[in-house]
Amino acid sequence: MEVNNMPPACFSVCINMAVQRKARVKGFKKFSEGQDPECTTGCVCEELWFTQKLDHFNGADSRQWKQRFFVNEAFSRPEGPVFLMIGGEGPANVAWMQNGTWLKYAEKLGALCFMLEHRFYGKSRPTSDLSTGNLRFLSSRQALADLAHFLSVTAETRGLSDRNWVAFGGSYPGSLAAWSRLKYPHLIHASVATSAPVHATVNFPEYLEVVRRSLASENADCPKIVEEASNTLVKLLKDPKTYDNITKDFNLCSKLQIQTEMDSAYFLETLAGNFMDVVQYNEDNRGFELKRRLEKSREEQRRGTNAPGSCLSNTKSEFRGTSRFQGVTGTNITIKVLCEAMSDSSLGDPYQRYAAVARFMMEAFSVKWRQWVYQTCTEFGFYQSTDSPDQPFSGFPL
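Just so we're clear, the structure is a prediction, and the values are computed from it rather than from any experiment.

About the cut-offs
Residues numbered from 1 in each chain as written. Predicted model: local features only at pLDDT ≥ 70, side-chain atom pairs only at ≥ 80, totals over all residues. Heavy atoms only, no water. Phe/Tyr/Trp six-rings, centres within 6.5 Å; stacked < 30°, edge-to-face > 60°. Helix = DSSP H or I, 4+ residues; strand = E, 2+ residues; numbered from the N terminus. Buried < 20%, exposed > 50% of the residue type's maximum accessible area, 1.4 Å probe, protein only. Lys NZ or Arg CZ within 6 Å of the ring centre and 35° of its normal. Axes fitted to C-alpha atoms, helices over the stretch in contact; angles between N-to-C directions. Parallel < 35°, antiparallel > 145°, perpendicular 65-115°, else oblique. Contact = heavy atoms within 4.5 Å. Nonpolar A, V, L, I, M, F, W, Y, C, P; charged D, E, K, R; others polar. pLDDT = per-residue confidence, 0-100. Pairing = 2+ DSSP bridges. Right-handed = clockwise from strand over helix to strand, strands pointing away.

**What about the packing of aromatic side chains?**
The geometry of an aromatic ring pair is captured by two quantities: the separation of the ring centres and the angle between the planes.
Working step 1: On inspection of all chains with the given rule, the structure shows 19 aromatic pairs.
Working step 2: With 5.1 Å between their ring centres and 65° between their planes, Phe69 and Phe150 make a pair best called edge-to-face. Remark: Phe150 occurs in helix α2 (residues 140–157) and Phe69 occurs in strand β2 (residues 64–72); sequence separation between them is 81 residues. There is no split in this pair, since Phe69 and Phe150 are both buried.
Working step 3: On the basis of an interplanar angle of 65° and a centroid distance of 6.0 Å, the ring pair of Phe204 and Phe382 is categorised as edge-to-face. With Phe204 in the loop between β6 (190–194) and α4 (206–218) and Phe382 in the segment after α11 (370–380), this residue pair connects regions lying 178 residues apart in the sequence.
Working step 4: With relative accessibility at 25%, the residue Phe204 sits in the partly exposed group.
Working step 5: Taken together, the aromatic side chains of Tyr172, Trp179, Phe204, Tyr207, Trp372, Phe380 and Phe382 make up a single cluster linked through ring pairs.
Working step 6: When the ring centre of Phe57 is taken as reference, the NZ or CZ atom of Arg141 above it lies at 3.7 Å.

In structure tokens:
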């Protein structure tokens, strides 16, 4: 029986013959858009559904669900390999079927390309909700079994059993790529595991050291200003009389309530996460998206239809010196943008600039990470603490 109501053969195809060549909540969270990627001219965006097992390790459980995957056959040759891009802790983005180094390899080697979305992320929902009881089916072990089952069935049904399969992934999916080769060497011929932490660790203080160096590479004063802002906030959190102002400054949904040190640490880590995310995915394969917006901007400017103050009219000046980062969207928020904001005295003192960054990031992103928090708590750790002195944040030691 199926767990959800996804139709067994639901797909849409957009193929052009002249085809041109892919999450750190206390883990390796990945930026992901809240909406489905659009299908654009000159692209391959074939959305398909695979009947997957709910629990690979319980023979008495026959429940099934539909797992989303994409296909790019543009470069496939009979003698070529099969590439499998592994989805991670966010929606699978069809942009990976149109751009990326792996497609250059595919073009050179004549590879058929698949991308499989990770269970419980994006549209690949094995259960009706994300209750803790249902999340017991979310694990890297189940995800690896998903890969093996998908590969085995697809190889048989598409006549690909005699072709070499190569797994691709970066960060958490990179770990899955490496583990899949180790666990299923009879299925996976090779894997390309980019920035893949293959050994779990509870405390990961080195992460914020990289954040500091990255900010400093843009502006030597940037991490110093961030440190000053963070220290100021830590002091304010010790006085409940400041909570009303902090609630307003950071545009919180309800009045800030700090009852334990853990409450304070969680709030501080969430705000620091704005910088962690941007550093980790700075200009991450987003050039093609920005290029598309630039082209659209030029076209609208020629037609005179470009709305004042929109991101399209402010592309060249990413930060306008206001409490809102006009002209910046999720795909082009960079280290440069953050450091310019933190260095802009017109926004106020460092604390006020820090709050401006937080407000903007909340506007730019609306992503829920319950699934990834669950995975880090039950499997990985990778908690980016402030235990190292060589980083700019305060208040969330392990």
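**A few points about the packing of α4 against helix α7 (residues 261–280)**
Working step 1: At a closest axis distance of 10 Å, the pairing of α4 and α7 adopts a crossing angle of 70°. Put simply, α4 runs roughly perpendicular to α7. In contact with Tyr207, Leu208, Val211, Ser214 and Leu215 of α4, α7 contributes Phe275, Met276, Val279 and Gln280.
Working step 2: Per-class residue counts for the contact of α4 with α7 are seven nonpolar, two polar and no charged.

**Focus: the confidence of the model for the protein**
Working step 1: Per-chain confidence: the protein averages 81 in pLDDT, with 75% of residues scoring 70 or above.
Working step 2: Predicted confidence is poor over residues 1–43, with pLDDT under 50, and the contacts of this stretch with residues over four places away or in other chains come to 134 contacts.
Working step 3: In the predicted structure, residues 287–298 sits below a pLDDT of 50 and forms 17 contacts with residues beyond four places in sequence or in another chain.

**What to know about the sheet that holds strand β3 (residues 82–86)**
Where strands meet in a sheet, backbone hydrogen bonds hold them as pairs that are either parallel or antiparallel.
Working step 1: In space, the six strands of this open sheet follow the order β1-β2-β4-β3-β5-β6, with mixed pairing throughout. Only two strands of the sheet have a single partner each, and these edge strands are β1 (46–53) and β6. Averaged over all pairs of adjacent strands, the angle between strand axes in this sheet comes to 25°, irrespective of strand direction.
Working step 2: For strand β5 (residues 165–170) and β6, the ladder comprises five bridges, and the chain directions are parallel. For Gly169, the partnering residue across the bridge sits in β6 and is Ala193.
Working step 3: Across the face of the sheet, α2 comes into contact with β1, β2, β3, β4 (112–116) and β5 while running at roughly 110° to β1.
Working step 4: Contacting β3, β5 and β6, helix α3 (residues 172–183) crosses the sheet at an angle of about 150° to β5.

**Re the pairing of β5**
Working step 1: With five of six residues buried, β5 lies mostly within the body of the structure.
Working step 2: The sheet contact formed by β3 and β5 spans four bridges and is parallel. Looking at the pairing, Phe83 lines up with Val166 of β5.
Working step 3: What joins β5 to β6 is α3, and the crossover it makes is right-handed.

**Comments concerning the packing of α4 against helix α9 (residues 335–342)**
Packed helices, taken two at a time, are described by their axes: the angle between them and the distance between them.
Working step 1: The interhelical angle for the contact between α4 and α9, taken along N-to-C directions, is 75°, at an axis separation of 9 Å. Relative to α9, the element α4 lies roughly perpendicular. For the pair formed by α4 and α9, the contact residues are Ser214, Leu215 and Glu218 on the first element and Ile335, Lys336 and Cys339 on the second.
Working step 2: Looking at the contact of α4 with α9 residue by residue, the class counts come to three nonpolar, one polar and two charged.

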